[in-house]
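Coordinate inspection notes
The lines below spell out each chain.
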Amino acid sequence: MASVPKSNESRSEPGDHLEPFLPWVSELAIRKFEYADRAFDTCNSRAGSVIGFAGILTAIAIPSIKTLPSVIKILLFAPWFISFSAMLFFAWQAYRVSTLQGLPFSLATMDHYGTLSNVDARKQALTTLVAAAEHNESIVSKKAALLNKAIICFAIEVLLLMMIVLATVLSPVTCP
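Note that this is a predicted model, so its numbers are computed, not measured.

Our focus in this paragraph is the overall build of the protein. Broken down by element type, the protein carries 4 helices and 0 strands. Going from N to C terminus, the protein has its helices and strands arranged as α-α-α-α. Each of the 176 residues in the protein was classed as buried or not, and the buried ones make up 30%. Taking the contacts inside the protein whose residues are at least 6 apart along the sequence as the reference set, 91% of them involve residues at least 24 apart. Element-wise, carbon and sulfur atoms account for 68% of the exposed surface of the protein, whose accessible area totals about 11,700 Å².

Written as structure tokens, this is what we have:
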């Protein structure tokens, strides 16, 4: 006796056991993707702030160098210039690190997903989203490492600027 084929309602597709998990896994993947995007923007803002604040401090402190004796100028200005240049370099590198991957969907991918079962389409879209999020996180990590180096150089620069101002206050005034 031949077996009677089951109706479409009772047939299950491969991967259907994953169906209940896809909504919350998708939510986690989207949050991960959005977190990397926010962290990217935060790093850019901080890099710009470091550069701007360093410029303001430099504009305030540099005029006082003119009153220092030549030896002290060289001893304080050369290390300051090196730290300032390094800070600018690292902050600029952090700012210019490549852009993030956008959400990985286009008309072509939508057409492709249309040929798949619901579960397979959702799994592929989720896999693509997670891969983009991981790529973005690596870019953000690179930006953050460069920004940390810029902040260290900025701290050294501030210390040297404080030494310059202190030397200006403590050095005897020479008349031209």
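Turning our eyes to something else, we now look at the packing of aromatic side chains. Applying the stated criterion across every chain, the model contains 7 aromatic pairs. With a centroid separation of 5.6 Å and an interplanar angle of 55 degrees, the aromatic rings of F53 and F154 are classed as tilted. Placement of the pair is F53 in helix α1 (residues 22-61) and F154 in helix α4 (residues 118-170), with a sequence separation of 101 residues. For F53, a relative accessible area of 45% puts it in the partly exposed group. Measuring from centroid to centroid gives 5.4 Å for F89 and F90, while their planes differ by 65 degrees, and the two rings are edge-to-face. Ring pairs connect the aromatic residues F77, W80, F81 and F84, which therefore count as one cluster. Above the face of the F40 ring, K143 is positioned so that its terminal group lies 4.5 Å from the ring centre.

Here the idea is simple: oppositely charged side chains can pair when their charged atoms come close. Here the structure, examined in full by the defined rule, presents 3 salt bridges. Close ionic contact of E134 with K32 constitutes a salt bridge, the shortest N to O distance being 3.8 Å. Pair noted here: E134 is in helix α4 and K32 is in helix α1, with a separation of 102 residues, a long-range link. Looking at K32, the relative accessible area reads 29%, which means it is partly exposed. With a shortest N-O distance of 3.9 Å, K32 and E137 are connected by a salt bridge. Separated by 105 residues along the polypeptide, K32 in helix α1 and E137 in helix α4 bring together distant segments of the chain. Counted as one network, the salt bridges with shared partners bring together K32, E134 and E137.

Once that is clear, we can look at a nonpolar patch on the surface. A cluster of nonpolar side chains, contributed by V165, L166, V169 and L170, occupies part of the molecular surface with about 410 Å² of accessible area. Classification of V165 by relative accessible area gives partly exposed; the value is 40%.

Structurally, K143 is set in helix α4. Of the side chains with opposite charge, D41 lies nearest to the buried K143, which makes no salt bridge, at 8.0 Å. Looking at K143, its side chain comes within polar contact range of the main-chain oxygen of A94, at 2.4 Å. For K143, the residues in contact, after removing those within four places along its chain, are F40, C43, N44, A94, Y95, R96 and V97.

Once that is clear, we can look at the nonpolar core. Within the largest apolar cluster, 30 residues are counted, with the highest numbers of intra-cluster contacts made by W80, M87, V140 and I164. Of all the elements in the fold, those that place two or more residues in this core are α1, α2 (70-96) and α4. Per element, the largest residue contribution to this core is 11 residues, and it comes from α4. The contacts of V140, once residues within four sequence positions are left out, are A36, A39, F40, C43 and L100. In this structure, A29, L129, A132 and A133 belong to the second largest nonpolar core, which totals 6 residues.

The rules we used
Here the residue index of a chain counts from 1 through its sequence in written order. Only residues with pLDDT of at least 70 are given local features in this predicted model, and only at 80 or more are side-chain atom pairs given and counted; all residues enter the totals for whole chains, interfaces and linings. Processing note: side-chain calculations cover all non-hydrogen atoms of the structure and skip hydrogens and water entirely. The secondary structure listing takes helices from DSSP runs of H or I that are at least 4 residues long and strands from runs of E that are at least 2 residues long, numbered from the N terminus. Each residue is placed in one exposure class: buried if its accessible area under a 1.4 Å probe, protein chains only, is under 20% of its type's maximum, exposed if it is over 50%, and partly exposed if it falls in between. Note on contacts: a residue pair is in contact if any heavy atoms of the two residues lie within 4.5 Å. Values of accessible area rely on a 1.4 Å probe in the Shrake-Rupley scheme; residue burial ignores everything except the protein chains shown. Aromatic pairs are defined between Phe, Tyr and Trp rings, using the six-membered ring for Trp, whenever the two ring centres lie within 6.5 Å; interplanar angles under 30 degrees are classed as stacked, those over 60 as edge-to-face, and all others as tilted. The criterion for a charge sitting over a ring is simple: Lys NZ or Arg CZ within 6 Å of the ring centre, and within 35 degrees of the ring normal. We define a salt bridge as a contact between a side-chain nitrogen of Lys or Arg and a carboxyl oxygen of Asp or Glu at a distance within 4 Å. Nonpolar side chains (Val, Leu, Ile, Met, Phe, Trp, Tyr) within 5 Å and like charges within 9 Å form the patches, drawn only from residues with over 30% relative accessible area and no salt bridge. A positive count includes Lys and Arg, and a negative count includes Asp and Glu. His and the chain ends are not counted in either. Polar contact is the term for a pair of N or O atoms within 3.5 Å; when the atoms are in protein, one must be able to donate a hydrogen and the other to accept it, and sequence-neighboring residues count only if both atoms are side-chain atoms. Nonpolar core, defined: a set of buried Ala, Val, Leu, Ile, Met, Phe, Trp, Tyr and Cys residues in which side-chain atoms within 4.5 Å join the residues together.

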